[in-house]
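Observations on the three-dimensional arrangement
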Amino acid sequence: MNKVLKVFCIGLLLVALLLAVFVPFGSNLSVSAEANIVVVGEGCVSVAPNVATINIAVETRKEDLNQAVSENKASTDGIFEILAQAGYSEDDIQTKNFSVYQRFDYSNGEKFLGYQVRSSFEVRTKDLDGLDDLIKNLTASGANCVEGITFSCDNEDELYKQAIKLALENAKVKASALSQENLEVEKITEEFCYMNSLYRDCYSFASGKEISKGTIKVSAKVIVEFSEEIENNQP
């Protein structure tokens, strides 16, 4: 037992000697510790739209089915021809739906009225200044249903890159307000990307006023984890 105690005391003496050699008298011991800060960053980019998608339809009602289909096709072909003459390609025009319905009058029993044939499609254009004239030409050519217009941007990816950079900068500003230490980015988590498409219904055009294009907003949100090194000076 005395031998163990003797060895223990010798060990303590050696530790004291080592501290005396490597740590000058009166100096402070510097102990570093790491802490993490987690903040949410948000960024938003606002731009004017450069693409309009017009949703239109040709609706034909006739007692005879073949006549209804034939007249509907003639009107649709005429619209496609006008669009082709105006420089629109097949990529700019997409058929959305083709339907045939029987029509009945149920006000006094059941009376067969005929058939309703409907062809709906969308036209994509970048000529926003000529949008009013385009709709007028389409309706004059047989498009008797203008269902709405959607405005968007064709460079969504580039806009999102700008928004996510702003979100990261926003996170750095928030983290700097929480700590005066040197901060390093440890982890970035992408939360979401959102781009609002602006919709205008048919009443916007029917009112006779100029169609408002509005502003497209692309938003991004990130969660950023920062590490900070804190030094504690101990005497």
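What you see is a predicted model, and the numbers here were worked out from it, not measured in a lab. (Residues numbered from 1 in each chain as written. Predicted model: local features only at pLDDT ≥ 70, side-chain atom pairs only at ≥ 80, totals over all residues. Heavy atoms only, no water.)

Counting across every chain of the model gives 8 salt bridges. Note that D77 is salt-bridged to K73, the shortest N-O span being 2.8 Å. Note that D77 and K73 are positioned in helix α2 (residues 65-85) at a spacing of 4 residues, about one turn of the helix. Three or more residues are tied together by salt bridges with common partners; here these are E59, R61, R118 and E147. (Salt bridge = Lys/Arg side-chain N within 4 Å of Asp/Glu carboxyl O. Helix = DSSP H or I, 4+ residues; strand = E, 2+ residues; numbered from the N terminus.)

Further remarks concern the nonpolar core. The biggest cluster of nonpolar side chains holds 20 residues, and the ones touching the most others in it are I56, L83, L131 and I149. Of all elements in the fold, only β2 (51-62), α2, β4 (111-125), α3 (131-140) and β5 (145-152) reach the threshold of two or more residues within this core. By size, the runner-up hydrophobic cluster in this structure holds 9 residues, among which are C153, Y160, M195 and A220. (Core = buried A, V, L, I, M, F, W, Y, C linked by side-chain atoms within 4.5 Å. Buried < 20%, exposed > 50% of the residue type's maximum accessible area, 1.4 Å probe, protein only.)

Quick look at the environment of V123 now. In this fold, V123 is placed in strand β4. Taking the C-alpha atoms as reference points, V123 and L134, 11 residues apart in sequence, are found 9.9 Å from one another. Each residue touching V123, except ones within four places of it in the same chain, is listed here: A52, T53, I54, I56, L83, Y88 and D92. (Contact = heavy atoms within 4.5 Å.)

Relative to β4, strand β3 (residues 93-105) runs antiparallel, the two being bridged by 12 bridges. Of the residues in β4, the one forming a bridge with Y101 is Q116. Linking two consecutive strands that pair antiparallel, namely β3 and β4, is a turn of 5 residues; a positive phi of about 85° is found at G109 within it. (Pairing = 2+ DSSP bridges.)

All told, the structure shown has 4 aromatic pairs when counted by the stated rule. Geometrically, the ring pair formed by F104 and Y106 is tilted, given 5.9 Å between the ring centres and 35° between the ring planes. Ring plane angle 75° and centroid distance 5.4 Å describe the contact between F112 and Y115, whose orientation is recorded as edge-to-face. According to the relative accessible area criterion, F112 is partly exposed, its value standing at 38%. Taken together, the aromatic side chains of F104, Y106, F112 and Y115 make up a single cluster linked through ring pairs. (Phe/Tyr/Trp six-rings, centres within 6.5 Å; stacked < 30°, edge-to-face > 60°.)

With that settled, the discussion passes to a nonpolar patch on the surface. A cluster of nonpolar side chains, L65, V69, F98 and V100, forms an exposed patch at the surface whose accessible area comes to about 300 Å². Contributions of two or more residues to the nonpolar patch are made by α2 and β3. For L65, a relative accessible area of 30% gives the class partly exposed. (Patch = residues over 30% accessible without salt bridge, like charges linked within 9 Å, V, L, I, M, F, W, Y side chains within 5 Å. Areas by Shrake-Rupley, 256 points an atom, 1.4 Å probe, with all protein chains shown as cover.)

This paragraph deals with the confidence of the model for the chain. Low-confidence regions, as indicated by low pLDDT, have predicted coordinates that should not be scrutinised in detail. Averaged over every residue, the pLDDT of the chain is 82; the share at 70 or more is 77%. Mean pLDDT per element in the chain: helix α1 (residues 2-22) is the minimum at 50, and β4 is the maximum at 95. Across residues 17-32, confidence stays below pLDDT 50; counting only partners more than four residues off in sequence or on other chains, it has 17 contacts. (pLDDT = per-residue confidence, 0-100.)

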